[in-house]
There are 2 protein chains.
Amino acid sequence: MRNLRLDIAYDGTDFCGWQRQPDQDTIQGRIETAIERITGTSVNLTGSGRTDAGVHAAGQVANFKTSSPIPPANLKRALNNTLPDTIRILRAEEASPGFHARYSAVAKLYRYRILQAEVCPPHLTRFVCHYPGRLERKRIGRAAQWLEGEHDFTSFASTGDALSEDTGENRQSSSAVRTIFSSKAIWSAPLALLTYEVRGNGFLRHMVRTIVGTLIEVGRGAIDPEDVPAILEAKDRSKAGPTAPTRGLWLARVEY
Amino acid sequence: MRNLRLDIAYDGTDFCGWQRQPDQDTIQGRIETAIERITGTSVNLTGSGRTDAGVHAAGQVANFKTSSPIPPANLKRALNNTLPDTIRILRAEEASPGFHARYSAVAKLYRYRILQAEVCPPHLTRFVCHYPGRLERKRIGRAAQWLEGEHDFTSFASTGDALSEDTGENRQSSSAVRTIFSSKAIWSAPLALLTYEVRGNGFLRHMVRTIVGTLIEVGRGAIDPEDVPAILEAKDRSKAGPTAPTRGLWLARVEY
């Protein structure tokens, strides 16, 4: 059996997330159906991790086993002709037999975009979280730094759902300990865009959005930046801020 | 009666164009309905010109008369709270009594975006025309220049529809003569984006899209750049290229 790797971008707005579910329009479901139509055989597509309904990807990675002889370039073209415009195959290539989109991943990069302009232009409305209120960016930057390193992120994971959605799922499914390699906020004045960028070895369910919701609370003065270590320490979801909306979140890159 | 001016941006993808039509979801219709709900009185909203279904605007301008005492800033806020995210009021302000969004306009700027990348990223798919084929940009640039100046644009207007959709409508409704102040193609290598930018005193129906369809023919070698004067001269729609798709077209600015 061949092992094929797909690099995928999507606008998650109109889908019920990555993961195939009965009677739901999902990204995994769409791609599996398209592969089955093209190759004539059923497949199990493995993604690097789930993304929630409304979350976007610029660099999701998936793999599947197939005995079809179709060349990767032809598969890519056929998939892009079959899939909706909102799901694009950026690359298709042969992977080594042991390559597994989830278990082989060593890091992921997420970006969350907050538009600080008074009015959100229509071409950005699907892709950013519009927050025109005042945010103190220095405070956000200080709070973001506290998240770097190895921590138990229970306080930043969905209540009652300790399952990670991500690269960590296999290695440490019962643990909420993850390592964040970098966590920073980048401000683009001309675009009035605050981008939170976080790279780590795995992320719990809703973790990035809960971090962002907390950073917004920090930015508007409701949480002190220096309280972040105590929030981590507490291992209590109620100590962190609300979960930020999905539309600003992008899975930017998966590293192997 | 007060005369209020609105500056408007929209993602035209999901609307049947600017102009109000019975039983159709249009941008003019949406804004009129929203103003009526907010002020409690019926209004006639005058746009600077129609845009077709699927065409976007970054700077459409409209005006309406009202006896409502609502301050412009409150009206803007209330409209943005009422309208869908895909229609945004960028500014609302008092205009002089004689200001008329269509008749007072002296120039319009349109931009048309052609994405030359192999795959169109999902966040651009609603807003660019994806043309991955080879285009010779120098040829396009030469052809674009021939359109500058005062010309009869019959060859670039929709067949059987001499009505202009634009600033010229009042002043010269029976004529297809328009003045193009500038006409140029701008290449952004990092974005693989070819932007055609045209500024003129008025535009016939489908004129920008027919120009772009012709420029694509020039770029791929099917029409010679030096044939543009003869195409203008012919006053025959069949001599120009096809009408390019709506999704790449933006009404960028109206000047008064």
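Just above sits the structure.
Residues numbered from 1 in each chain as written. Chains lettered and ligands numbered in written order. Predicted model: local features only at pLDDT ≥ 70, side-chain atom pairs only at ≥ 80, totals over all residues. Heavy atoms only, no water.

**What to know about the nonpolar core**
Rules: Residues enter a nonpolar core if they are buried and are Ala, Val, Leu, Ile, Met, Phe, Trp, Tyr or Cys, with the set joined through side-chain atoms within 4.5 Å. Accessible area is worked out with a 1.4 Å probe on protein chains only. A residue is then buried under 20% of its type maximum, exposed over 50%, and partly exposed in between.
The biggest cluster of nonpolar side chains holds 63 residues, and the ones touching the most others in it are Leu6, Ile8, Ile31, Phe156 and Tyr196 of chain A. With 62 residues, the next largest nonpolar core counts Leu4, Leu79, Ala143 and Ile223 of chain B among its residues.

**Some words on the packing of aromatic side chains**
Spelled out, the test is: Only rings of Phe, Tyr and Trp enter the pairing, Trp through its six-membered ring, and a pair is recorded when the two centres are within 6.5 Å. The plane angle decides the type: under 30 degrees is stacked, over 60 is edge-to-face, the rest tilted. Each helix is a run of H or I in the DSSP string that is no shorter than four residues. Each strand is a run of E no shorter than two, and both are numbered from the N terminus. Whether a charge sits over a ring depends on NZ of Lys or CZ of Arg being within 6 Å of the ring centre and within 35 degrees of the ring normal.
Tallied over the full model, the rule gives 10 aromatic pairs over all chains. Ring geometry for Phe99 of chain B versus Tyr256 of chain B: centroids 4.8 Å apart, planes at 65°, classification edge-to-face. Of the two residues, Phe99 of chain B sits in the loop between strand E4 (87-94) and strand E5 (107-115) while Tyr256 of chain B sits in the segment after strand E10 (249-255), which places them 157 residues apart along the sequence. The positively charged end of Arg137 of chain A is found above the aromatic ring belonging to Trp187 of chain A, 3.8 Å away from the centroid.

**Quick word on the layout of surface pockets**
Under the convention used in this document: Here a cavity means grid points, on a 1 Å grid over the protein atoms only, where a 1.4 Å probe fits yet cannot get out; a pocket means an open set of points with protein on both sides within 12 Å along at least five of seven lines; lining residues are those with an atom within 4 Å of a point. Grid points are joined across faces, edges and corners, and a volume is the space filled by probe spheres set on the points. Classes in brief: Ala, Val, Leu, Ile, Met, Phe, Trp, Tyr, Cys and Pro nonpolar; Asp, Glu, Lys and Arg charged; the others, Gly included, polar.
Considering only enclosed or pocket space, the largest pocket measures out at about 1,200 Å³ in volume. Together, 44 residues line the largest pocket, and His123, Leu124 and Leu191 of chain A together with His123 and Leu124 of chain B are the ones closest to its centre. Residue assignment for the lining of the largest pocket shows that the elements contributing at least two residues are strand E3 (56-66), strand E5 (107-115) and strand E10 (249-255) of chain A together with strand E3 (56-66), E4, E5 and E10 of chain B. For the lining of the largest pocket, the per-class residue count stands at 36 nonpolar, three polar and five charged.

**Topic: the interface of chain B and chain A**
Interface size, as often reported, equals the accessible area lost upon joining of the parts. Let me state the cut-off plainly: Note on contacts: a residue pair qualifies if any of its non-hydrogen atoms lie within 4.5 Å across the two residues. The quantity reported as buried area is the accessible area (1.4 Å probe) lost by two parts once they are put together, taken as the sum for both. Note on definitions: salt bridges are taken to be side-chain nitrogens of Lys or Arg within 4 Å of carboxyl oxygens of Asp or Glu. Counting of polar contacts relies on pairs of N or O atoms within 3.5 Å, with two restrictions inside protein: one atom must be capable of donating a hydrogen and the other of accepting it, and residues adjacent in sequence are counted only when both atoms are side-chain atoms.
Between chain B and chain A, the residue contacts involve 20 residues of the former and 20 residues of the latter. Summed over both partners, the interface of chain B with chain A comes to about 1,400 Å²; 66% of that surface belongs to carbon and sulfur atoms. Joining chain B to chain A, the criterion identifies four salt bridges. Lys76 of chain B is paired through a salt bridge with Glu118 of chain A; the nearest N and O atoms lie 2.9 Å apart. The interface formed by chain B and chain A holds six residue pairs in polar contact (both at pLDDT 80 or more) in total. Mapped onto the side of chain B that touches chain A, the elements with two or more residues apiece are strand E1 (2-10), helix H2 (72-82) and E4 of chain B. The biggest single contributor to the side of chain B that touches chain A is E4 of chain B, with three residues. Among the residues forming the side of chain B that touches chain A, the class breakdown is nine nonpolar, four polar and seven charged.

**Quick notes on the state of the cysteines**
Residue and element names in this part refer to chain A. What counts, and what does not: Counting rule for disulfides: a pair of cysteine sulfur atoms within 2.5 Å.
Going through the model one piece at a time under the given rule, you end up with zero disulfides over all chains. Among the cysteines around Cys129, which has no disulfide bond, Cys120 carries the closest sulfur, lying 9.2 Å off. According to the relative accessible area criterion, Cys129 is buried, its value standing at 6%.

**Focus: the pattern of salt bridges**
All names here are of chain A. Per the counting criterion, the structure on display carries 34 salt bridges over all chains. A salt bridge links Arg20 to Glu32, with the nearest nitrogen and oxygen atoms 2.3 Å apart. Residue Arg20 is located in the loop between strand E1 (2-10) and helix H1 (27-39), and its partner Glu32 is located in helix H1; the two are separated by 12 residues in the primary sequence. Taken together, the salt bridges that share partners define one network made up of Arg5, Asp7, Arg91 and Glu93.

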